[in-house]
Amino acid sequence: MSELLILKSCIVLLISFILTFHSAKCEKQDLYGNSDDVCILDGTNLKHTLLNQSSMWLVEYYSSWCGTCHEFAPIYKKLAQDISEWSYVLNVGVVDCSEKVNLENCRNMSITSTPTLRLYPSVWNTSDIGKSVEKIVSAQKIREEILPFVDEELPKLKWTHDLPAPILKPITYKEVMEYMEANDRVLHFVLIFEEPDSYMGKEMILDMSSCSNILLRRVDVTSADGLVIAEKFSIDMRAVPQVMLSTISQQPRVVDVNMKTRYFYVYQLELLPEVGKPKAKLNWQFSNNVDTSQGPLNGNSNIKDHMSINWERSYLADIESAMNYMFTVEVSANKKLDGKKLEAVKKLVEAFVQTKDHFPGRSSTRRFMEGLNGWLADRSSIHYDVWSAYLQSAKGFPKANHMWVGCSSDQPTLRGYPCGLWTMFHALSVACSNAKVKDSHLFYDAMTGYILNFFSCLECRKNFGKEIQEIEFDSEADDQHASMLWLWRLHNSVNKRLHNHSTTEDQSHPKLQFPTEEDCSHCQHPAVVASKKFNKLKDHLRIWDEQYVVEYLKQRYSVQNLLNDYLDDDEIAVGEPELKNGKRIRLRNLPILDPSSQQHSYIKSPLFSPSLTSIDFNLCLFFWITSLCFALYVYHNVSARGIPYLSRKIVRTPSTMY
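All values derive from a computational prediction rather than experimental measurement.

Reading guide: rules and limits
- Within any chain, residue numbers begin from 1 and follow the written order of that chain's sequence.
- Per-residue local features are limited, in this predicted model, to residues with pLDDT of at least 70; the limit for side-chain atom pairs, both in listing and counting, is 80 or more; totals at the level of whole chains, interfaces and linings are taken over all residues.
- Hydrogens are left out, water is left out, and the side-chain values use all remaining heavy atoms of the structure.
- Where helices and strands are cited, they refer to DSSP runs of H or I of at least four residues and of E of at least two residues respectively, numbered from the N terminus.
- Burial classes follow relative accessibility: with a 1.4 Å probe on protein chains only, a residue under 20% of its type's maximum area counts as buried, one over 50% as exposed, and anything between as partly exposed.
- For the accessible areas, the method is Shrake-Rupley and the probe is 1.4 Å, while residue cover comes only from the protein chains on display.
- Think of it as the arc spanned by the lines of direction from the helix axis to the C-beta atoms.
- Two cysteine sulfur atoms form a disulfide, by the criterion used here, when they sit within 2.5 Å.
- By definition, two strands form a pair when at least two bridges between them are found by DSSP.
- Classification remark: right-handed applies to a crossover when, strands pointing away from the viewer, the course from the first strand over the helix to the second runs clockwise.
- We place a 1 Å grid over just the protein atoms. Points where a 1.4 Å probe fits but has no way out form a cavity, open points with protein on both sides within 12 Å along at least 5 of 7 lines form a pocket, and any residue with an atom within 4 Å of a point lines it.
- Grid points are joined across faces, edges and corners, and a volume is the space filled by probe spheres set on the points.
- Amino acids are sorted into nonpolar (Ala, Val, Leu, Ile, Met, Phe, Trp, Tyr, Cys and Pro), charged (Asp, Glu, Lys and Arg) and polar (every other residue, Gly among them).
- Every residue is assigned a pLDDT by the predictor, reflecting its confidence on a scale from 0 to 100.
- Only heavy atoms enter the contact rule, under which two residues are in contact if any of them lie within 4.5 Å.
- Orientation is described by lines fitted to C-alpha atoms, with helices fitted over the stretch in contact, and by angles between N-to-C directions that extend from 0 to 180 degrees.
- Each Phe, Tyr or Trp ring (for Trp, its six-membered ring) is paired with any other whose centre lies within 6.5 Å, and the angle between the two planes then decides the class: stacked below 30 degrees, edge-to-face above 60, tilted in between.
- Both a distance and an angle decide whether a charge sits over a ring: NZ of Lys or CZ of Arg must be within 6 Å of the ring centre and within 35 degrees of the ring normal.
- What makes a nonpolar core is a set of buried Ala, Val, Leu, Ile, Met, Phe, Trp, Tyr and Cys residues whose side-chain atoms join them at distances within 4.5 Å.
- Criterion for a salt bridge: a side-chain nitrogen of Lys or Arg within 4 Å of a carboxyl oxygen of Asp or Glu.

**Observations concerning the overall build of the protein**
Inference 1: The secondary structure content of the protein amounts to 20 helices and 15 strands.
Inference 2: Within the protein, buried positions represent 50% of all 658 residues.
Inference 3: Surface exposure of the protein reaches about 33500 Å², of which carbon and sulfur atoms provide 53%.

Have a look at this one:
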């Protein structure tokens, strides 16, 4: 029996592991999915939904990569679940503005930062961009902010259901008496006695707006009518809120609950005869309309083979994908470019152009930037249509979309664009240094101008503004390397703030201080500790050697060291193309060595760096558990059957343990 028990335990353990692994891979890969009470709206159904539905709408515009959107998603899901019974009156939806199929709608709605919440009336016209919801810190705060909108728009609602329409305004004494005596009154009539600034009554009315045989109304206990109604039904005004129930053929009574909250009252009312649960639970068809022009995604990327990625190198595909997203999504989210925003675009393009032969990209992309620089020069404002037409017609515009390589992740909402943007700016800072750009502030102005004006993650933008005040740019310290080192310090500061404190951190690629000791053994060294009291801490106190950091950054991000893998073959060389027998060659697997020594490499060679994914680790765990179960089973069989020779070999005696 014990043998069978061990075997069954092993089988259960293996099945549990397989199911866990399977469910992790099969779950819908986005911030919102089929288990959430939200409608997934997109470029094909948003306008149609707002125009043809009889209810109001609350819509969140988000970006799947946005850190603040990740933090906000649980709040919005909680809100959607909490008010799912309101869907006869108000529905909850989401739109992913990082998907190109949604760009036109997000731009028409003037969405330039995420997450953004908008309220739409039941009678909507296409010029209405919606009412913004500002307080999005909690589900309760959002409910409190949307209730006045619902109250105002409710009389305009086209009520098409065979139920009494919900009314949020307080009832009068005359209305109460007329309804109590009416022949066609519903089975259960409920009065909620409360202060005028209370939200409980309104929320209860909406909670039960799709329940049968019940009508709820509010009573303002501070009004003249409220005082008369309270006296009529002997309501203790000192104990509000109070809920009174009048059922046909029964005497009115006060509903007794353990706690006077919305949830306790609604629960008791749903238990009344012939009432039951609300009918208006959301049951939408979820959209799968995502941009598949680059093929199905593997995690966050259309790169199918993550095993071949060299994680210690930087890829041009990441830079081009960031450029593509930057120009076609974030800049294009603006209906008009002028003022500070137009100047920010001009400054960024100028910084790229000034790098000349050190331009961090292909020569075709360099020519595109040069052409764009000339096209922008004399313009004081640009409408979206003009901007979009130029991008579509300009030769050399980077077409890479979701081509994340070094910025890829097994999770579709992690890394990607933010990682690509960091890579692009690091490469640009190195290019400015290598090109000896005269304007030492050019890179700083280009990057800060873009992030503060266009980066769509609003909270990230605010945090960036705080970071650059704490980590000031000092161009006088070292004119040539100032931009590189400033960006490196800034990036490490952000990593330190987010490491182990952010839902956007990919555990396979943690936000560590870089370069790590494995990447650059000479970039850090132990601090000199004068006091013996802190001697034990000296191995944990590291000091950066910025001379080696500069060399590391140059070797990783210089144009000649950017890998061209996964790009189109029509033009694969970057910068000034290297020639071999008169032909362009692909820059691949370029060794990174210490330029100050031909004998010692202080940057880790990529040759022996494993590229293990979560699948690899899961398989290792699977085989380890299988082997362990098999060993336990064999051991128990051998011991139980008393096989002399094997028992002596397997069972360890005290003499063989030492």
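From this point, the discussion proceeds with the structure in view.
**Some details on helix H8 (residues 224–232)**
Inference 1: Of all the residues in H8, the buried ones are Gly 226, Ile 229 and Ala 230. Taken down its axis, H8 places every buried residue within 100° of arc, on the same side. More than 90 degrees from the buried face of H8, the exposed residues found are Ala 224 and Glu 231.
Inference 2: Among the residues trailing H8, Ser 234 stands out with phi positive, at a value near 55°.

**Re the state of the cysteines**
Inference 1: Inspection of every chain in the model, using the stated rule, returns four disulfides.
Inference 2: A disulfide bridge connects Cys 457 with Cys 460, and the sulfur atoms are separated by 2.2 Å. Measuring the twist about the S-S bond at about 55°, one finds the Cys 457-Cys 460 disulfide to be right-handed.
Inference 3: The exposure class of Cys 457 is buried, given its relative accessible area of 0%.
Inference 4: Put simply, Cys 520 and Cys 523 are joined by a disulfide, and their sulfur atoms are 2.0 Å apart.

**So, the pairing of strand E6 (residues 188–194)**
Inference 1: Most of E6 sits out of view: seven of its seven residues are buried.
Inference 2: Across the two faces of E6 the burial is the same, with His 188, Val 190, Ile 192 and Glu 194 and Phe 189, Leu 191 and Phe 193 all buried.
Inference 3: Strand direction decides the pairing type here: E6 and strand E7 (residues 214–220), joined by seven bridges, are parallel. Bridging from a neighbouring strand, Ile 192 pairs with Arg 218 of E7.
Inference 4: Between the parallel pair E6 and E7, the chain is carried across by helix H7 (residues 200–207), and the sense of this crossover is right-handed.
Inference 5: Two strands pair when backbone bridges link them, and E6 and strand E8 (residues 242–247) are joined in this way by six bridges, in the antiparallel orientation. Each bridged residue has a counterpart across the sheet, and for His 188 the counterpart in E8 is Thr 247.

**Things to note about empty space enclosed by the protein**
Inference 1: Under the criterion given, the structure shown has five cavities of 30 Å³ or more.
Inference 2: One number sums up the size of the largest cavity: a volume of about 150 Å³.
Inference 3: Every residue lining the largest cavity is counted, 18 residues in all, and those nearest its centre are Ile 111, Val 329, Glu 330, Ala 333 and Ser 456.
Inference 4: At the level of secondary structure, the elements contributing two or more residues to the lining of the largest cavity comprise helix H4 (103–108), helix H10 (316–330) and helix H15 (442–454).
Inference 5: Of the residues assigned to the lining of the largest cavity, the class counts are eight nonpolar, seven polar and three charged.

**Quick notes on the confidence of the model for the protein**
Inference 1: Summary statistics for the protein give a mean pLDDT of 82 and a share of 76% for residues scoring 70 or more.
Inference 2: Residue range residues 282–297 is modelled with pLDDT below 50. Its contacts to residues more than four positions away, or to other chains, number 37 contacts.

**Here we look at the sheet that holds E6**
Inference 1: Spatial strand order, E7-E6-E8-E9: four strands in an open sheet with mixed pairing. In this open sheet, the two strands that pair with only one neighbour each are E7 and strand E9 (253–254).
Inference 2: This element, helix H6 (residues 173–181), spans E6, E7 and E8 of the sheet and lies at about 160° to E6.

**Regarding the environment of Ser 456**
Inference 1: Topologically, Ser 456 is positioned in the loop between H15 and helix H16 (458–470).
Inference 2: Residue Ser 456 is classed as buried on the basis of its relative accessible area of 8%.
Inference 3: As for Ser 456 and Tyr 62, which are separated by 394 residues in sequence, their C-alpha atoms are 9.1 Å apart.
Inference 4: Contact partners of Ser 456, with chain neighbours within four places excluded, come to Ser 63, Trp 65, Thr 112, Ser 113, Thr 114, Glu 330 and Arg 461.

**Considering the pairing of E8**
Inference 1: A large share of E8 lies buried, amounting to six of its six residues.
Inference 2: Residues Gln 242, Met 244 and Ser 246 of E8 are buried on one face, and the alternating residues Val 243, Leu 245 and Thr 247, pointing to the opposite face, are buried as well.
Inference 3: Summarising the sheet, E8 and E9 pair through two bridges and their orientation is antiparallel. If you follow Met 244 over to E9, its bridge partner there is Val 254.

**Observations regarding the packing of aromatic side chains**
Inference 1: Inspection of every chain in the model, using the stated rule, returns 25 aromatic pairs.
Inference 2: When the ring of Tyr 325 is compared with that of Tyr 417, the centres are 4.3 Å apart and the planes differ by 40°; the resulting orientation is tilted. Residue Tyr 325 is found in helix H10, and its partner Tyr 417 is found in helix H14 (residues 417–434); the two are separated by 92 residues along the sequence.
Inference 3: One aromatic cluster is present, formed by Phe 327, Phe 368, Trp 375, Trp 387, Tyr 390 and Phe 397 through successive ring pairs.
Inference 4: The ring of Tyr 384 carries the charged tip of Arg 107 above its face, separated from the ring centre by 3.3 Å.

**Considering the nonpolar core**
Inference 1: Residues Phe 327, Trp 387 and Phe 425 are the most contacted members of the largest nonpolar core, which totals 136 residues.
Inference 2: Broken down by element, the residue count for this core peaks at ten residues, all from H14.

**Comments concerning the pattern of salt bridges**
Where charged atoms of side chains with opposite charge meet at close range, the side chains can pair.
Inference 1: For the structure on display, the rule yields 19 salt bridges.
Inference 2: The shortest N-O distance in the salt bridge between Arg 143 and Asp 82 comes to 2.8 Å. With Arg 143 in helix H5 (residues 139–153) and Asp 82 in helix H3 (residues 67–82), this pair connects stretches of sequence that are 61 residues apart.
Inference 3: Residue class for Arg 143 comes out buried when judged on its relative accessible area of 10%.
Inference 4: Here Arg 217 ties to Glu 175 by a salt bridge, and the two come within 3.8 Å at their closest N and O atoms. Note that Arg 217 is positioned in strand E7 and Glu 175 in helix H6, a separation of 42 residues in sequence.
Inference 5: For Arg 217, a relative accessible area of 6% puts it in the buried group.
Inference 6: Take Glu 175: its relative accessible area is 31%, and that puts it in the partly exposed class.
Inference 7: A cluster of three or more residues bridged by salt bridges with shared partners is formed by Asp 82, Arg 143, Glu 203, Asp 207 and Arg 262.

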